[in-house]
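The chain contents come next:
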Amino acid sequence: MSENTFRKHIRESIADENLQIALDGNARRRMAGRLEAFSAMPDFQERRAHAHAIKADVISHLDEYLDQFIAQVTANGILVHRAVSAQAAIQIFLEIAQEQDAHLVAKSKSMVSEEINFNHALETKGIQVVETDLGEYIVQLRGERPSHILTPAVHLRRGQVGQLFHEKLGTPYTESISEMVAIARRVLREVFLTAKIGVSGVNFGVAETGTLCLVTNEGNGRMVTTVPPVHVALMGMERLVPSLEDLALFLSLLPRSGTSQKLSVYTSLIHAPKRANDADGSRVRHLILVDNGRSSMRSSRLAEALYCIRCGACLNACPVFREIGGHAYRGRDDSIAPYPGPIGSVVSPGLLGCENFGQLAQASSLCGACREACPVDINLPDLLVRVRAGQAGEGRNNQKRIEGIGIPALVKLGMAAYHFGAGKPALFSVVQRLGGLLSHVISPRNKYLPLPRWTGWGYSKDFPRLAMQPFRARWRNIKQTVGHYKENKRQPAGESLPETQVTKSLSVRFIDELAAIGGIAYRIPEKELQNRLAGFLQEHGIERVCVDSIGEKCLPGIEVVHSPDPTVQVGVTGALVGIAESGSLVLVGGEDRPLTASLLPEIHIAILWASDLVPSLPDALARPEIRQAASSVIITGPSRTADIEMTLTIGVHGPRELYVFVIEENLE
Amino acid sequence: MPKIETVQLFVTCLTDTFFPQVGEAIVHVLNRAGVQVEFPSAQTCCGQPAFNAGLHSQARPLAEHTIRVFEKTAGEIIVPSGSCAGMLRHGYLELFKDDTRWLDRANALAGRVHEFTEYLVDVRGISDLGSRWPGKLTYHPSCHLLRFLGVDRQPRLLLASLRDAEIVELPERTDCCGFGGIFSLEHPELSAEFLKRKISNLEKTASPTLVVCETGCMMHIQGGLQRARKALRVLHIAEVLDTR
């Protein structure tokens, strides 16, 4: 197979008008969003450096952190499997599926599953895997691979999705994104409720506590880790952070970088399978830790790429990605690289082989926009150069280093000739003069020569004539008159006015933040709670609600259920704490505390005592209840997606509406 | 009488071969800043094209040559290019990572290297040379200068000091122009798209002149303008400062 399929795909992408509109929109909105999200974080650069240092420590001591993590996860009751290769990971999963006699798997987004070609491998064994992230679901229906780490269907426009749903699902053609989201909700809800196994990825594993942290916006991540009786988590073995405190740091960077959110809507913190008295949760949890080239990458010069937290910011910032999208990143065998963009051009060759994917690293002008966007400060330009220099394979056994993989032979030859000449000043000078003469003979009048297209340069620009007299020849004739520079008085820097510090109470901050993400809060005194709740339900014509023990206490005289019941429209729950800086709620599962009550219904009502408000995420994660619960979740607004044309749409798999009753003792 | 500072000029192969007038302007401006310039004539190319392409065994002899040439000299080394300055300061350390003897020599060199505007503003404390440019100017911050060396304030300060000049902000200014060394040969389609966007943003400023601190971008953008038959021109900042 010729390596020029890569260039063919580049050309096709550039010529694809729909794709260009979609990619321009993605780049503009994501870049602006990211900048805005971090503008309110004055210590961003310090956090970034700190995150880099933490990841450097984790990757250099990976074995110790893995031992600690595995011991802790196992002690928590989760079954841990280690897979050295893609095939091994698939085999482990197949054994679990056979044991459960599972033929339908509900899956949330996982990049490592793309890397190991999970869906395809399972389908050949007669197991149907349904992607439940809206974007993933769309590309799966199209028989494609995701074109972006975070927004898999970023290459499509709404009409294409409407047509797809019409053809594959038999629904009437629509161009309304909210209608499309409603269709997906309905179809996939069935999958969540009937699948025997839920498969998820893992965004962060916490070594000290054995926590599996999973971040989603739509709620499908919560679904697949809560509703099916068996949950299998796939995790790249490098995705570790040492402690919950470190996790808080990374959670302050990941959503801001990826989707410009302070926190994603749902941050699941999973510790254990359902315990005997727990209201809900998967009965059995497996964790498959995937190596698949990570060990060898770790011992190569590409180790820094293992710091990646898969936020997608480098894709959004990359001018190459902006032109070609994720599907054009191809190996020599024409296969689509599982990881696109700048990080993908390092990780794909690093994990899956330089021979096939090394050429991707050549498609970069080394402009450094990727590094600038990276929240972990991964030096992507250096890593890209290392891939080009054949340093990807160093960790593998006896692999020969091949320099300049993917460079056309002619260019290599030209470079060799140039560098030979440049090594010898006398020769260099002669060649300069000859070149100058020749280019003036070819183009006596015009300072620029039109080179033919095949030279590459001539494709879009003219080439300057070489000077008849290069600088080294002119040097002798330059007369230097060194002047005496008189210091100019510098303009005094304008003194900035001290910013007015407005100290808002925690509850006001919480309410403002919640409103900004589409939730509604009411501050009420405790004595009014029952009446207000009853009034709310009456107004909405609700007769049955799903509750936890707090909700039950506050709703005398109303029919309540405690178990996951998809027909119930409203869930009423308590909250362990509220986080003022992001308008988030922390809910822990357990006895009388079904997590499905805040997930399955269309409306979620939470009751939060103002005294349980904390300023920020680290304060919340320090609460011991989180570690003790089998599963807990940080909820930041109603379920949402931006998977179709980046248009924010509320209510995919989780509740469409979120109300919080903030109880304040001293309120009149 | 203050002591006259003497610096070494690493003019870069592109400036030397294609834009010698930029080299002359650099010398004039440095003279005006009270600096005597020396030009070690054995210098050629820093090896950046091969290094960035991953052809490290080709880049190495040039890096060694450049180190040898400048080791024989004293004083700060001035480079009129962000990417070549970055190569000398950072690329060499990467190239000689496993060779402590050369790494020490590369480190010693790196400590002396300054990009032209960085030297004027940060080392010499100069923000106004009394230069004059009647008309509009806009500035393209080259990628390596901006992101690898973190130099942006310095050229802006110098441009702001120009008498009679109107500095217009270039839209999407931090976007790459698509040069990237052999990237522009190897991926001409991508390079062309970047360049198209850069030129279209340049036209939005209605400025007839684009200022850069990098002869690579200069050659690339000017080449694109020539091909598109546009009467705009690209100048190195030294050419703009070499006026009165």
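Every value quoted in this text rests on a predicted model; they were computed, and no experiment measured them.

A.B. asks: Explain the domain arrangement of chain A to me, using residue names and the numbers behind them.
C.D. replies: All names here are of chain A. Each assigned domain of chain A is listed with its residue range as follows: domain 1 (1–40 + 301–395), domain 2 (44–294) and domain 3 (506–663). Computed over C-alpha atoms only, the centres of domain 1 and domain 2 are separated by 22 Å. Taken residue by residue, the interface counts 31 residues in domain 1 and 32 residues in domain 2. Elements that contribute at least two residues to the side of domain 1 that touches domain 2 include exactly α2 (17–39), α14 (313–317) and α16 (341–352). It is α2 that provides the largest number of residues to the side of domain 1 that touches domain 2, a total of 9 residues. For the side of domain 1 that touches domain 2, the residue count by class is 19 nonpolar, 8 polar and 4 charged.

A.B. asks: Give me the lowdown on the interface of chain A and chain B, citing residues and values where you can.
C.D. replies: Of the residues lining the interface, 61 residues belong to chain A; the matching set on chain B comes to 68 residues. Of all the secondary structure elements, the ones that give two or more residues to the side of chain A that touches chain B are α1 (5–15), α15 (319–324), α18 (369–373), α19 (380–388), α20 (409–422), α21 (425–442), β12 (463–464) and α22 (471–474) of chain A. Counted by class, the side of chain A that touches chain B contains 30 nonpolar, 18 polar and 13 charged residues.

A.B. asks: Got a sec to walk through the packing of helix α3 (residues 44–60) of chain A against helix α12 (residues 244–259) of chain A? Specific residues and values, please.
C.D. replies: Residues and elements named next belong to chain A. In the contact formed by α3 and α12, the axes pass within 10 Å of each other and the chain directions differ by 125°. Of the possible angle classes, the one that applies to α3 and α12 is oblique. Here α3 runs over α12; the crossing is left-handed. Along the contact surface, α3 presents Arg 47, His 50, Ala 51 and Ile 54, while α12 presents Asp 246, Leu 249, Phe 250, Ser 252 and Leu 253. For the contact of α3 with α12, the class distribution of residues is 5 nonpolar, 2 polar and 2 charged.

A.B. asks: So what's going on with the packing of α1 of chain A against helix α11 (residues 188–204) of chain B? Residues and values would help.
C.D. replies: Between α1 of chain A and α11 of chain B, the least distance of the axes is 9 Å, while the angle of their chain directions is 30°. By the criterion of interaxial angle, the relationship of α1 of chain A to α11 of chain B is roughly parallel. Counted together, Ile 10, Arg 11 and Ile 14 of chain A of α1 of chain A and Glu 189, Leu 190 and Glu 193 of chain B of α11 of chain B form the full contact between these two elements.

A.B. asks: Go over the sheet that holds strand β3 (residues 128–131) of chain A, please, and point to the residues and values.
C.D. replies: Within a sheet, each strand pairs with its neighbour through backbone hydrogen bonds, oriented either parallel or antiparallel. Residue and element names in this part refer to chain A. Sheet architecture is open: 6 strands sit in the order β1-β10-β7-β4-β2-β3, paired in parallel fashion. Only two strands of the sheet have a single neighbouring strand rather than two, namely β1 (79–83) and β3. Pairwise comparison of adjacent strand axes, ignoring direction, gives a mean angle of 25° for this sheet. Bridging between β1 and strand β10 (residues 284–290) involves 5 bridges; their strand directions are parallel. Counted as the bridge partner of Val 80 is Leu 287 from β10.

A.B. asks: If you had to explain the sheet that holds strand β5 (residues 132–139) of chain B to someone new, which residues and values would you point to?
C.D. replies: Residue and element names in this part refer to chain B. Taking strand neighbours across the sheet as the criterion, the 4 strands line up as β6-β5-β7-β8 in an open arrangement whose pairing is parallel. Of all strands in the sheet, those with a lone pairing partner are β6 (163–168) and β8 (233–236), marking the two edges. In this sheet, adjacent strand axes meet at a mean angle of 40° when their direction is disregarded. In this sheet, β8 lies alongside strand β7 (residues 209–212) in parallel orientation, the contact comprising 4 bridges. From the neighbouring strand, Val 211 faces β8, where its bridge partner is Leu 235. Relative to β5, helix α9 (residues 153–160) is tilted by about 150°, and along the sheet it contacts β5, β6 and β7.

A.B. asks: So what's going on with the confidence of the model for chain A? Which residues, and what values?
C.D. replies: Within chain A, residue pLDDT values average 92, and 95% of them lie at 70 or more. Throughout residues 489–497 of chain A the model reports pLDDT below 50, and contacts reaching past four residues in sequence, or to other chains, amount to 1 contact.

A.B. asks: Tell me what's going on with the nonpolar core, and back it up with residues and numbers.
C.D. replies: Nonpolar side chains tend toward joint burial in soluble globular proteins. Residue and element names in this part refer to chain A. Judged by nonpolar contacts, the single largest core of 273 residues is most densely connected at Val 290, Cys 314, Val 346 and Val 660. In terms of residue count, the dominant contributor to this core is helix α10 (residues 177–194) (7 residues). Once you skip the residues sitting within four places of it in the chain, Cys 314 turns out to touch Gly 341, Pro 342, Ile 343, Cys 370, Ala 373, Cys 374 and Leu 380.

The rules behind these values
Residues numbered from 1 in each chain as written. Chains lettered and ligands numbered in written order. Predicted model: local features only at pLDDT ≥ 70, side-chain atom pairs only at ≥ 80, totals over all residues. Domains from an automatic or database assignment. Contact = placed C-beta atoms within 7 Å. Helix = DSSP H or I, 4+ residues; strand = E, 2+ residues; numbered from the N terminus. Nonpolar A, V, L, I, M, F, W, Y, C, P; charged D, E, K, R; others polar. Axes fitted to C-alpha atoms, helices over the stretch in contact; angles between N-to-C directions. Parallel < 35°, antiparallel > 145°, perpendicular 65-115°, else oblique. Left-handed = near helix turned anticlockwise from the far one by under 90°. Pairing = 2+ DSSP bridges. pLDDT = per-residue confidence, 0-100. Core = buried A, V, L, I, M, F, W, Y, C linked by C-beta atoms within 7 Å. Buried ≥ 20, exposed ≤ 12 C-beta atoms within 10 Å, placed from the backbone.

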